[in-house]
Structure formats: C-alpha cells, structure tokens
Amino acid sequence: MTTCKVGYIIGSLAVQSINRTLSNALIGLAPSELEFTEIPIKDLPLYSYDYDSECPSEGRALKAAIADADAILFVTPECNRSIPGALKNAIDWASRPWGKNSFMHKPSAVIGTSPGVIGTAVAQQSLRSVLSYCNSPQMNAPEGYIKFIPGIFRNDGEVTGSGTEEFLQGFMEEYRDHIVRVLTVLPSRI
Ligand code: FNR
C-alpha cells in the first residue's frame, strides 16, 4: 500500500488538551503507511454564508488542507453532550460554499477522550450525524470512547496501560483498512 495522508482535527482549543495527547498517542501507534498532519481550526472566524463570496485566508487554508488529505481523523472532547463549538464551526466552514463540500467522499474516523464515564460517546454520536450529512464515509467500528484517567498517557502521548495501547493500535489499523476500502471504490476526485 502507498502512503495515505491523514489530516487530523482536534476539537479542543485548549493548550493542555487531553485530546491532543490522545492524538499524539494515536499517531505513535498508527501503521507506518499513515502520514499525519494537523489541520488547525483555532483561527477560523465564526462562519456565515456572507463569507461564501469572498473566503478569508483561514477558510481557504482549511479547505486546502482537507483537499490535500486522503482522510480525516477527528479527535474531540465532549462539551455539554455535543461537540465543541469550534469544531462545529470548522465543519461548517469546510462544508461550504454549497456544492464545494470538502468532506464529500472523504473517509473519516471519530475518537475522543474525556474524564466522564462515557468518554465522549454522546459528542461522537452527534459528530457522526454531522459527517453523515456531509457524505463523509466514516469508520463504523471500533468506537473509541476513551475515559481519561490521569496517568493513562505520558505527555508525549506514550500510553501507559497495555490494554489501552492495544485498543488504540487496533483502532488505527482498522482506520487504515477503512481508508483503503473507501479510496478503492471512491478514488479522490481532486
Ligand atoms: C466539559 N466536559 C465534559 N465532559 C464530558 O464527558 N461530557 C460533557 O458533556 C462535558 N461538557 C463540558 C462542557 C464544557 C463547557 C467544558 C469546559 C468541559 C469536560 C471535558 O471533557 C474536559 O474539560 C476535557 O479535558 C476536555 O478535553 P480537552 O479540551 O482537554 O481536550
């Protein structure tokens, strides 16, 4: 298999984000065929369709980064049982203008961590629904609801528990297989 470019989007804007730590762990455990680039979302203005006629540089950069990626990985916290506003804003930006939805046919996967017992499960269901509407073929399983326990990751993302490490490694192997399957039947149009 050739290398696949994965753009990853972290739903949190926090400097000490535990989802950023999870991203580092996932990248460290991913199969070697996957190459990762973060797609930043923090500088995007709040989306309005007024921008459709003249897209600012932040919006253009977001859409270019998604176009350049073979697949997208969302790593997100849960905020009030949904996805953070910044992440929804980024998805709204990428999905527009009408007819230029950046997620169309772009394989994706969703995972996240929070200290709560259900580990972002509700946010992920919400995100899955948004991605369905955006026609992004998303990995159905395994689901990655990671309850964050202090010490579960070292700061560089290294996983301390072997069960968690094995799960995350399996998650990324399934994700690679998902990307290959989707790109086999829906080759990139760009
Ligand atoms: C939260 N948090 C949270 N956790 C959860 O499991 N379910 C939830 O609905 C919420 N809601 C929520 C709302 C708001 C406004 C905040 C600030 C926090 C807690 C959240 O999971 C925790 O702050 C994580 O550390 C956030 O992940 P990052 O930003 O560190 O990656």
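Just above sits the structure.
Residues numbered from 1 in each chain as written. Predicted model: local features only at pLDDT ≥ 70, side-chain atom pairs only at ≥ 80, totals over all residues. Heavy atoms only, no water.

1. Quick notes on the sheet that holds strand 1 (residues 4-10)
Right, so step 1: Here we have 5 strands laid out as an open sheet, ordered 2-1-3-4-5, and parallel in their pairing. The two strands at the open ends of the sheet, each matched to only one other strand, are strand 2 (34-38) and strand 5 (144-147). The mean inter-strand angle of the sheet, taken between neighbouring strand axes irrespective of direction, is 25 degrees.
Right, so step 2: In this sheet, strand 5 lies alongside strand 4 (residues 108-114) in parallel orientation, the contact comprising 4 bridges. Residue G112 lies in a different strand from strand 5, and its bridge partner there is Y145.
Right, so step 3: Along the sheet, helix 1 (residues 18-29) makes contact with strand 1, strand 2, strand 3 (71-75), strand 4 and strand 5, crossing strand 4 at roughly 130 degrees. (Pairing = 2+ DSSP bridges. Helix = DSSP H or I, 4+ residues; strand = E, 2+ residues; numbered from the N terminus. Axes fitted to C-alpha atoms, helices over the stretch in contact; angles between N-to-C directions. Contact = heavy atoms within 4.5 Å.)

2. Side note on the site of the ligand
Right, so step 1: The environment of the ligand is formed by S12, S17, I18, N19, P77, E78, C79, N80, R81, S114, P115 and G116.
Right, so step 2: A distance of 2.6 Å is found between an oxygen atom of the ligand and a side-chain nitrogen or oxygen belonging to S12.
Right, so step 3: Here an oxygen atom of the ligand and a backbone polar atom of R81 are 2.8 Å apart.
Right, so step 4: Taken by itself the ligand offers 630 Å² of open surface, and the protein chains cover 62% of this.
Right, so step 5: Each residue belonging to the shell around the ligand can be placed in one class, and the counts come to 4 nonpolar, 6 polar and 2 charged. (Near = heavy atom within 4 Å. Polar contact = N/O pair within 3.5 Å; in protein donor to acceptor, adjacent residues only side chain to side chain. Areas by Shrake-Rupley, 256 points an atom, 1.4 Å probe, with all protein chains shown as cover. Nonpolar A, V, L, I, M, F, W, Y, C, P; charged D, E, K, R; others polar.)

3. Describing the nonpolar core
Right, so step 1: Core analysis: the largest hydrophobic core is formed by 27 residues, its most contacted members being L26, L73, I111, L168 and Y175.
Right, so step 2: Elements represented by at least two residues in this core include exactly strand 1, helix 1, strand 2, strand 3, strand 4 and helix 5 (162-185).
Right, so step 3: By residue number, the principal contributor to this core is helix 5, which donates 5 residues.
Right, so step 4: Contacts of L73, omitting those with residues within four sequence positions, involve V6, G7, Y8, I9, L26, F36, A109, I111, F171, M172 and Y175.
Right, so step 5: One finds I39, A69, F74 and I91 within the second-largest nonpolar core, a separate group that totals 22 residues. (Core = buried A, V, L, I, M, F, W, Y, C linked by side-chain atoms within 4.5 Å. Buried < 20%, exposed > 50% of the residue type's maximum accessible area, 1.4 Å probe, protein only.)

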